[in-house]
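For reference, the chains in residue letters:
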Amino acid sequence: MLQVQNIEKYYGDKNNVTKALDRVSFDVEAGEFLAIMGASGSGKTTLLNCISTIDTISAGKILLDGVSIDNLNEKELAKFRRERLGFVFQDFNLLDTLTIEENIGLALSLNHKEPKKVQGQVHKTAQKLGITDILSKFPYQVSGGQKQRAACARALVAGQSLLLADEPTGALDSRASKNLLEVLSAMNQDTGATILMVTHDAYSASYAKRVLFLKDGRVFNELLRGERGRPVFYHEILDVLAALGGDISDVI
């Protein structure tokens, strides 16, 4: 589904250039759950921003279903983000003046979908995520875990091809984090959702099927979970993080 081909990203000017990404290449298959890890400054957030078209690459190619996203104009980019990408942010990005139901269905409404169809899709998605009982409430009336589930529902309700999660458990306590990760894992297994998650947390990454490690803007290593249980995979992730060197507290 997703092909990242030798991408590079530079910041600054000719007198002070920072290379955030250095010839990064990898593929993501449809239905895969991929985690991207690395210490602060490794390039993981820059990589996610480039894939999401929030930022632009300096060299290389990013293709989704064979279409090069770096060649799209502004109108095409807006349509691409709206129809193909779902986003889950650390701070939820829910609108306080809208109910949970209205938040989840906002993108559909902006696309001029019929209200009955919007309601049907919202309720169907909310049922999968176990939040039908809070649809009439406002964000300030629900817990952090419920807000994050609502954010996941909003990201999936229009049938987007790729779900991008940026530190989705960063604002949650351990119990809510576990619940959210189980929801993401279930979404991946039950609905075939393709998920790309940036995280600094080894526990979160252990829910993925594959983990890509970045160091100094380059791919340092990757791990495939295979048939191994999550606890075993978690310890293997910790071993790779230890091999990364530096201040391991930045990534675990």
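Check the entry above for the structure.
All of the points below concern the structure found in this document. Computed from a prediction, not measured in an experiment: that's the story for all the values here.

### Section: helix H6 (residues 144-156)
Along an α-helix, residues three or four apart share an orientation, since each turn contains 3.6 residues. For H6, spanning 13 residues, the distance from its first C-alpha to its last is 19 Å, which sits close to the expected 18 Å at 1.5 Å a residue. Here H6 has its buried residues at Gln148, Ala150, Ala151, Cys152, Ala153, Arg154, Ala155 and Leu156. Buried residues in H6 make contact with strand S6 (85-88), helix H3 (100-104), helix H5 (115-128), strand S7 (162-166) and helix H7 (174-191).

### Let's talk about the packing of aromatic side chains
In this structure the tally under the stated criterion is two aromatic pairs. Both rings, one in Phe138 and one in Tyr140, keep their centres 6.0 Å apart while their planes meet at 15 degrees; by these two values the pair is stacked. Taking the relative accessible area as the measure of exposure, Phe138 reaches 28% and is therefore partly exposed. Ring plane angle 75 degrees and centroid distance 5.6 Å describe the contact between Tyr203 and Tyr207, whose orientation is recorded as edge-to-face.

### Notes on the environment of Thr18
You can see Thr18 is positioned in strand S2 (residues 16-28). Ignoring anything within four residues of it in the chain, the contact list for Thr18 reads Lys9, Tyr10 and Tyr11.

### Some words on unusual backbone geometry
Backbone geometry at Arg23 places phi at a positive 55 degrees, although glycine is not the residue there. Mapping Arg23 onto the fold places it in strand S2. One non-glycine residue, Thr53, lies in the positive phi region at around 70 degrees. Inspection of the secondary structure assignment puts Thr53 in the loop between helix H1 (44-51) and strand S4 (59-64).

### Side note on the sheet that holds strand S1 (residues 2-13)
A sheet is described by the order of its strands in space; here four strands give the open sequence S2-S1-S4-S5, paired in antiparallel fashion. Across the chains shown, the open sheet's two edge strands, defined by having one partner strand only, are S2 and strand S5 (67-68). In the sheet, S4 pairs with S5 via two bridges, with the strands oriented antiparallel. The residue bridging Leu64 from the neighbouring strand is Val67, located in S5. Contacts from H1 reach S1, S2 and S4, with the element oriented near 65 degrees to S2.

Cut-offs and rules
- Per chain, the residues get numbers from 1 upward, laid out in the order the sequence is written.
- For a predicted model such as this one, the threshold for reporting local features is a pLDDT of at least 70, and the threshold for listing and counting side-chain atom pairs is 80 or more; totals across whole chains, interfaces and linings nevertheless cover every residue.
- Note: side-chain values were computed over all heavy atoms of the structure, leaving out hydrogens and water.
- By the criteria applied, helices consist of DSSP H or I runs no shorter than four residues and strands consist of E runs no shorter than two, each listed in order from the N terminus.
- A helix is expected to reach a length of 1.5 Å times the quantity of its residues less one.
- We call a residue buried when its accessible area falls under 20% of the maximum for its residue type, exposed when it is over 50%, and partly exposed in between, using a 1.4 Å probe and counting protein chains only.
- Two residues form a contact once any of their heavy atoms are found within 4.5 Å.
- Two rings from Phe, Tyr or Trp (for Trp, the six-membered ring) form a pair when their centres are within 6.5 Å of each other. A pair whose planes differ by under 30 degrees is stacked, one over 60 is edge-to-face, and the rest are tilted.
- Following DSSP output, two strands are said to pair if at least two bridges run between them.
- Inter-axis angles, ranging from 0 to 180 degrees, are taken between N-to-C directions of lines fitted to C-alpha atoms, where helices are fitted over the stretch in contact.

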